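Summary of structural features
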Amino acid sequence: MTSSLFRGRPRRAKAHIRVRVTHAVLGALAGAGWLMLPLMTVATRRPVPAASPGAPAGAAAPGQGVTSAADYVLPLIAVAAAAVMAAYGYLRRVRRARTRTTPGTTLPGRPAPPTVADAERQARVALVLADDCVRTSREELGFARERFEAGKSAVGPRAGEEARTGAIPVASEAKARAAVPGAEPGDGGLGHPPPDAGARHRATAERGAETETAAFARALRGAEAELVAAFALWRRYERGLPGDAGARRQALAGMVGRCAEAGRRLDAQAAALDQVRGLEGPGAGAALDVAEGRFRGLAVRTVAAHATLAALRERYAPSAAGPVTGAVEQAKDRLLFATAHLNAARRSLDAADGDATARNLRAAEGAVAQAETLVTGVERLAARLREAAALVPAALTGAEAELAAARQGRSRTALATGELDARLTHADAVLAAVREESTGALPYDPLDALRRITRAVDRLDVGRSGVLGTAAFLVARTALETADDFVTVHRGAVGPGARALLSEAARALAGGAGTAFDADTAARQARELAERDVRAHGTPYPDTPTTGLPGAVLGGILLAEDPDGGPPATFGGPATRGRRHMRAPA
């Protein structure tokens, strides 16, 4: 808080300026009056005294009608003195304002530039806001595309029972198991291969959906590109580059500008997407059918994911399932929230309340999207662990070949004999430990085993064989996927640091196996930082009776602008993403 001393200084400074101006004006008026006084005196008729006897008739009284130059000297001196004093006061004030180092006023029209700390706070807010807008826009665009696919395809993934309308009851696990007997953990969900009979129709529908949403996809890609550039600038800034204070301030301004441009691109298409979707009018029924269909599929997949997670904990070490710990419980929480708002949207649709339908439907869509992210994360991790376990024996064989090459002096980097022996000894110990874990009776973490193998061999700098490069890429990709899922479902609490690390990991992974270690390191750091942010943020709305509200706010589904959680996040930038204000369903 600014002290009263600093708050009062600008008013006193203005008072001093007014006093000086007043003095100058009064001095000028006094000087002007003095100049006019002799002229007024000349114009005045004075009585002529009688001439004394003997005086000449034409003699005038001394000084009558004659103005001396000396009469103007003092007024001119007064005016000059007043002007000099005013100019001196003004110049002194300007010089003091330019050279002062304490808080105070600045020259009119020249506001003080923001400090680096202020610019950094602004950049942090802009990065988080832009990333939230991109993630939310990507989710809603997926629902819009799926609606067009369902509308253009006679045979689709939501046919038959999934196309029915009506309110969604809270499905129990027993009913879900009965609906899909013998379902495997990885079965079901978005992205399945379509039935052979409908493959052609599906392809046609997908092309039509891409055409309908092409403008929105371009805006989203442009916003993503701007955001990637902003995160790259932030990572350089965190490393201390550039070093000059002025250059750092300019770099922060560049980040804010990039984020603003990303938001502008999305804002420009928000109204058009609303018109295309028509959630307040004729498009609400089809969009609601799509959301309900995905909800039903996720209800079944959530049950299967629960069984999958239990199998992972039984088969592998605790660290293997660590990245998805609590994912099933969070998915159920999001589905409960979606249930309430899908039912509210259905009631609003029946009552022809377009605004309430759109609000509740967008809240439900956001919850369904996050539940799908959580369930898919469990299914995908199970697949990655199976792939890693199958790759461990080949990775051990490839690592042994790398060690043999290093012992023959084929390292690309010249190492001292002692350093090379130490690295070989470390690599031998790592390989022996992994071999024992993979062949022993105790569960182990195959992804961590691959990470240790590839990193131990990489220190020898022989040049990874193909299998080791594949192993390093698998490990990095899994770390990036699990970290990104965590940020997605906790984006209401995650700061810019974790998001920037995720962006850096994605760029490194795009470089292939050669930069897989960098991607793995950045992704793991991002996950750790995001978890720390969530712990520091705490649980929002802890005392609310509304089911699923804390998770919805923590996940950024609701914008936390009101006591009831605020409006649902929608496609768009900062200016439009909160355009659908809502009330909690009864």
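The rules behind each value
Residues numbered from 1 in each chain as written. Predicted model: local features only at pLDDT ≥ 70, side-chain atom pairs only at ≥ 80, totals over all residues. Heavy atoms only, no water. Helix = DSSP H or I, 4+ residues; strand = E, 2+ residues; numbered from the N terminus. Buried < 20%, exposed > 50% of the residue type's maximum accessible area, 1.4 Å probe, protein only. Contact = heavy atoms within 4.5 Å. Areas by Shrake-Rupley, 256 points an atom, 1.4 Å probe, with all protein chains shown as cover. pLDDT = per-residue confidence, 0-100. Phe/Tyr/Trp six-rings, centres within 6.5 Å; stacked < 30°, edge-to-face > 60°. Lys NZ or Arg CZ within 6 Å of the ring centre and 35° of its normal. Core = buried A, V, L, I, M, F, W, Y, C linked by side-chain atoms within 4.5 Å. Salt bridge = Lys/Arg side-chain N within 4 Å of Asp/Glu carboxyl O. Axes fitted to C-alpha atoms, helices over the stretch in contact; angles between N-to-C directions. Parallel < 35°, antiparallel > 145°, perpendicular 65-115°, else oblique. Left-handed = near helix turned anticlockwise from the far one by under 90°. Nonpolar A, V, L, I, M, F, W, Y, C, P; charged D, E, K, R; others polar. Polar contact = N/O pair within 3.5 Å; in protein donor to acceptor, adjacent residues only side chain to side chain.

In terms of regular secondary structure, the protein chain is built from 17 helices and zero strands. The buried share of the protein chain, reckoned over its 586 residues, is 42%. For the protein chain, contacts bridging at least 24 residues in sequence account for 79% of all contacts bridging at least 6. Here the protein chain has roughly 29800 Å² of accessible surface; of this, 59% comes from carbon and sulfur atoms.

With that settled, consider the confidence of the model for the protein chain. In this model, the protein chain carries an average pLDDT of 82, and 73% of its residues clear a pLDDT of 70 or more. With pLDDT under 50 throughout, residues 101-107 is counted as low confidence; its partners more than four residues away or in other chains account for 11 contacts. Low pLDDT, under 50, characterises residues 154-193; the stretch is placed with 61 contacts to residues that sit more than four places away or in other chains.

As a further point, take the packing of aromatic side chains. The full count for this structure, using the stated rule, is two aromatic pairs. Ring plane angle 75 degrees and centroid distance 6.3 Å describe the contact between Phe 216 and Phe 571, whose orientation is recorded as edge-to-face. Separated by 355 residues along the polypeptide, Phe 216 in helix H6 (residues 214-238) and Phe 571 in the segment after helix H17 (549-554) bring together distant segments of the chain. As far as burial versus exposure is concerned, Phe 216 and Phe 571 are alike and both buried. The residue whose ring lies beneath Arg 248 is Tyr 237, and the NZ or CZ to ring-centre distance is 3.9 Å. Here Arg 294 stacks its cationic end above the ring of Phe 143, 4.1 Å away from the centre of that ring.

Leu 361, Leu 450 and Ile 453 are the most contacted members of the largest nonpolar core, which totals 71 residues. Among the secondary structure elements, those contributing two or more residues to this core are helix H8 (284-315), helix H9 (318-321), helix H10 (327-350), helix H11 (354-407), helix H12 (417-439), helix H13 (446-458), helix H14 (466-489) and H17. Per-element tally for this core: the top contributor is H11, with 23 residues. Residues within four places of Ile 453 in sequence aside, it is in contact with Ala 395, Leu 396, Ala 399, Val 430, Leu 431, Val 434 and Leu 468. Grouped together as the second largest cluster of nonpolar side chains are 27 residues, Leu 141, Ala 217, Phe 231 and Leu 266 included.

Evaluation of the coordinates by the stated rule reveals 41 salt bridges. Here Arg 235 ties to Glu 504 by a salt bridge, and the two come within 3.0 Å at their closest N and O atoms. With Arg 235 in helix H6 and Glu 504 in helix H15 (residues 496-510), this pair connects stretches of sequence that are 269 residues apart. The same class applies to Arg 235 as to Glu 504, namely buried. Residues Asp 289 and Arg 346 are paired through a salt bridge, measuring 3.5 Å at the closest nitrogen-oxygen approach. Linking Asp 289 in helix H8 with Arg 346 in helix H10, this pair joins segments that are 57 residues apart in sequence. Each of the salt bridges in this network shares a partner with another, and the network as a whole consists of Glu 437, Asp 448, Arg 451, Arg 452, Arg 455 and Asp 520.

Moving on to the packing of H8 against H10. Two numbers describe how H8 lies on H10: the axes approach to 10 Å, and their chain directions differ by 160 degrees. Of the possible angle classes, the one that applies to H8 and H10 is roughly antiparallel. In this structure, H8 crosses over H10, and the sense of that crossing is left-handed. Across the contact of H8 with H10, the residue classes break down as 15 nonpolar, four polar and four charged.

To continue, consider the environment of Glu 280. Positionally, Glu 280 belongs in the loop between helix H7 (245-277) and H8. Residues Glu 280 and Thr 357, 77 residues apart in the sequence, show an inter-C-alpha distance of 6.5 Å. Once residues lying within four places of it in the same chain are set aside, the contact partners of Glu 280 are Gly 354, Asp 355, Ala 358 and Arg 580. One polar contact links Glu 280 to Arg 580, side chain to side chain, over a distance of 2.4 Å.

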